[in-house]
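Survey of secondary and tertiary structure
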Amino acid sequence: MSKHTRTIMITGGAGFIGSHVVRLFVNTYSSYLVVNADALTYAGNLENLKDVEKAANYRFEKADITDAAAIEALFEKYAFDAVIHLAAESHVDRSIIDPLAFVKTNVLGTVNLLNIARRYWANSETKMEGKRFMHVSTDEVYGSLGEEGFFTEETAYDPRSPYSASKASSDHFVMAWYHTYKLPVVMSNCSNNYGSYHFPEKLIPLMINNIVNNKSLPVYGKGENVRDWLFVEDHARAIDVIFHNGRTGEKYNVGGFNEWKNIDLVHLLCKIMDAKLGRPEGTSAKLITYVTDRPGHDMRYAIDASKLNRELGWKPSLQFEEGLEKTVDWYLQNGDWIKHVTSGDYQHYYQEQYAKR
Ligand code: NAD
Ligand code: DAU
């Protein structure tokens, strides 16, 4: 008999959001066994979890979610009663360069996990009782908004990039497994996250890193696209409450009620960075460079997270300026982390792929 009250597989736990979810679960639920299953792609880094790697209730397993034999072996080894699924290819620009990688991981990988969880649980003594498959998805599945309105859980899917199409597809498969096989699923669709351990290919950490290194700040198009930013630890808390208390078969939108035009956000970051680096105000903003727009660039995302607040009492904990300052401080204090993740693989990939564009 296991000494653990629950045994959870968290996929993608070595990535940006996954590492925050793993940390939260390991530190909050000492009676759970938390197994981080991650393939350690360019985006996965075990350095993100140094502070919990020796915890008694934590294990790491290097595994690719598209590899059926590897995932089956993990189910046999640990007898998971829950999965929190975050593993994905997550960067829109990469999906434009290499869409099949996104189909493979985000679609086939998700279906592989669903298949194995269903088979394993259907054959268990307690069947689906007490089991949970949580799928972590994105607001990008809803497409792009004009100046008005919000995405609700009822908004029709309208994905427009290879990344969002692959995530939308994975969401549909998750709901198909709920309806067809009665797999006890729950799902979240979250807006843009920011915070520590964010890979510096994404807007905020890229800009911070470039400002530190006096490199140009590439703003796509006119910088007028709008994103709704949420502190990553607030997202991890949302995943916690949805996993534990969300209604089976339901989806919950997660967002910060915090919309920013890219160019305004970059100016705010420049101002914060000038102050932190002791540079005269206006120094970093001189690095801003308008570059060719992302093809098919969604104009605006804005999440209505009122269902999550109403049903489960969740709300964001931080004001944006406060969260951004915390984030900047973390990057300034963790220059080694940036150096490690931007060396080798990442740089080579970009040099090669962008040279081909
Ligand atoms: P990330 O790119 O930082 O991390 C992804 C993780 O998945 C990495 O650790 C990587 O090694 C792992 N992974 C990739 N392919 C794998 C495979 N085949 N098998 C096993 N592991 C694999 O991503 P993130 O930003 O932390 O996003 C995590 C999840 O949250 C994704 O599903 C993403 O779609 C979703 N999401 C992200 C955001 C955001 O703002 N970043 C917002 C909403 C939803
Ligand atoms: O909305 C949730 C999504 O947010 C997640 O599902 C994705 O995994 C995550 O990567 C993020 O997608 P975005 O495309 O919105 O994030 P990104 O950081 O790539 O870009 C944010 C905005 O900034 C977007 O409008 C494009 C713009 N941008 C981005 C980069 C990298 C620039 O102007 N310059 C840049 O160099």
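One structure accompanies this document, and this report is about it.

1. Structural notes on the packing of helix α10 (residues 320-333) against helix α11 (residues 335-342)
In the contact formed by α10 and α11, the axes pass within 5 Å of each other and the chain directions differ by 75°. The pairing of α10 with α11 is recorded here as roughly perpendicular in orientation. Within the contact between the two elements, α10 uses Trp330, Tyr331, Leu332 and Gln333 and α11 uses Gly335, Trp337 and Ile338. Here the contact of α10 with α11 is composed, by residue class, of five nonpolar, two polar and no charged.

2. Structural notes on the nonpolar core
Among the nonpolar cores identified, the biggest contains 39 residues, and Phe25 and Ile84 are the most heavily contacted of them. Here this core gets five residues from one element, more than from any other, and that element is helix α7 (residues 232-245). What Ile84 contacts, discounting residues up to four positions off in sequence, is Ile8, Met9, Ile10, Thr11, Phe25, Met134, Val136, Ile239 and Phe243. Counting 32 residues, the second largest nonpolar core, distinct from the first, contains Val219, Ile288, Leu318 and Phe320.

3. A few points about the packing of aromatic side chains
For any two aromatic rings, the description comes down to two numbers: the centre-to-centre distance and the angle of the planes. All told, the structure shown has 22 aromatic pairs when counted by the stated rule. Arranged with centres 5.3 Å apart and planes meeting at 70°, the rings of Trp330 and Trp337 form a pair that is edge-to-face. With a relative accessible area of 5%, Trp337 lands in the buried category. Aromatic ring contacts, followed pair by pair, group Phe75, Tyr78, Phe80, Tyr120 and Trp121 into a single cluster. The ring of Tyr42 has Arg94 sitting right over it, with the charged end atom 3.4 Å from the ring centre. Here the guanidinium or amino end of Arg118 rests over the ring plane of Tyr181, the centre of that ring lying 3.9 Å away.

4. Here we look at the packing of helix α6 (residues 203-212) against α10
Running from amino to carboxyl end, α6 crosses α10 at an angle of 55°, the nearest separation of the two axes being 11 Å. Classified by the interaxial angle, the pair formed by α6 and α10 is oblique. Of the two possible hands of crossing, α6 and α10 adopt the one that is right-handed. Along its contact with α6, which presents Ile204, Pro205, Ile208 and Val212, the element α10 presents Leu324, Thr327, Val328, Tyr331 and Leu332. Broken down by class, the residue content of the contact of α6 with α10 amounts to eight nonpolar, one polar and no charged.

5. Description of the site of ligand 1
For ligand 1, the set of nearby residues contains 28 residues, the closest of which are Ile17, Asp38, Ser90, Tyr163 and Lys167. At 3.0 Å from an oxygen atom of ligand 1 is found a main-chain nitrogen or oxygen belonging to Thr41. Take Ser90: an N or O atom from its side chain is 2.6 Å from an oxygen atom of ligand 1. In isolation ligand 1 offers 830 Å² of accessible surface; the protein chains occlude 96% of this area. Every element with two or more residues in the shell around ligand 1 is listed here: α1 (16-28), β5 (132-138), α5 (162-181) and β7 (192-194). The greatest single-element share of the shell around ligand 1, amounting to three residues, is contributed by β5. For the shell around ligand 1, the residue count by class is 14 nonpolar, 11 polar and three charged.

6. Describing the environment of Ala236
Mapped onto the elements, Ala236 comes out in helix α7. A residue is classified by how much of its surface remains accessible, and Ala236, at 3% relative accessible area, is buried. Distance in space between the C-alpha atoms of Ala236 and Arg23 is 9.2 Å, their sequence separation being 213 residues. With near-sequence residues (within four places) excluded, Ala236 lies in contact with His20, Val21 and Leu24.

7. Observations regarding the site of ligand 2
For ligand 2, the set of nearby residues contains 23 residues, the closest of which are Thr138, Asp139, Tyr163, Arg294 and His297. Contacts to ligand 2 include Glu140, whose side-chain N or O atom sits 2.8 Å from an oxygen atom. Note that an oxygen atom of ligand 2 is positioned 2.8 Å from one of the backbone N or O atoms of Tyr220. Against a free-state accessible area of 690 Å², the protein chains account for coverage of 94% of ligand 2. Every element with two or more residues in the shell around ligand 2 is listed here: α6 and β8 (217-220). Considered class by class, the residues forming the shell around ligand 2 number nine nonpolar, eight polar and six charged.

Reading the values: rules and limits
- Counting restarts for each chain: residues are numbered from 1 in the order of the written sequence.
- Working convention: letters from A go to chains and numbers from 1 go to ligands, in the order in which they are written.
- Per-residue local features of the predicted model are confined to residues with pLDDT of at least 70, and side-chain atom pairs are confined, for both listing and counting, to 80 or more; whole-chain, interface and lining totals are unaffected and use all residues.
- The side-chain figures draw on all heavy atoms in the structure; neither hydrogens nor water molecules are used.
- A fitted line through C-alpha atoms serves as each axis, taken over the contacting stretch for helices, and the angle formed by two N-to-C directions is quoted from 0 to 180°.
- Numbering of helices and strands runs from the N terminus; a helix is a DSSP stretch of H or I covering at least four residues, while a strand is a stretch of E covering at least two.
- Roughly parallel means an angle under 35 degrees; roughly antiparallel means over 145; roughly perpendicular covers 65 to 115; every other angle is labelled oblique.
- Any two residues having at least one pair of non-hydrogen atoms within 4.5 Å are treated as being in contact.
- For this classification, the nonpolar set comprises Ala, Val, Leu, Ile, Met, Phe, Trp, Tyr, Cys and Pro, the charged set comprises Asp, Glu, Lys and Arg, and every other residue, Gly included, is treated as polar.
- Remark: nonpolar core denotes a set of buried residues (Ala, Val, Leu, Ile, Met, Phe, Trp, Tyr, Cys) joined through side-chain atoms within 4.5 Å.
- Accessible area is worked out with a 1.4 Å probe on protein chains only. A residue is then buried under 20% of its type maximum, exposed over 50%, and partly exposed in between.
- Here the aromatic set is Phe, Tyr and Trp, taking the six-membered ring for Trp, and pairing holds for ring centres within 6.5 Å; pairs whose planes are under 30 degrees apart are stacked, those over 60 apart are edge-to-face, and all others are tilted.
- Comment: the charge-over-ring label is applied if NZ (Lys) or CZ (Arg) is within 6 Å of the ring centre and within 35 degrees of the ring normal.
- Crossing handedness is read from the near helix: turned anticlockwise from the far helix by less than a right angle, it gives a left-handed crossing, and turned clockwise, a right-handed one.
- Any residue with a heavy atom lying within 4 Å of a molecule or strand is counted as near it.
- Under this definition, polar contacts are N or O atom pairs within 3.5 Å; protein pairs additionally need one hydrogen-donor-capable and one acceptor-capable atom, and for neighbouring residues in sequence, both atoms have to be side-chain atoms.
- Throughout, the Shrake-Rupley method with a 1.4 Å probe supplies accessible areas, and for residues the shown protein chains are the sole cover considered.

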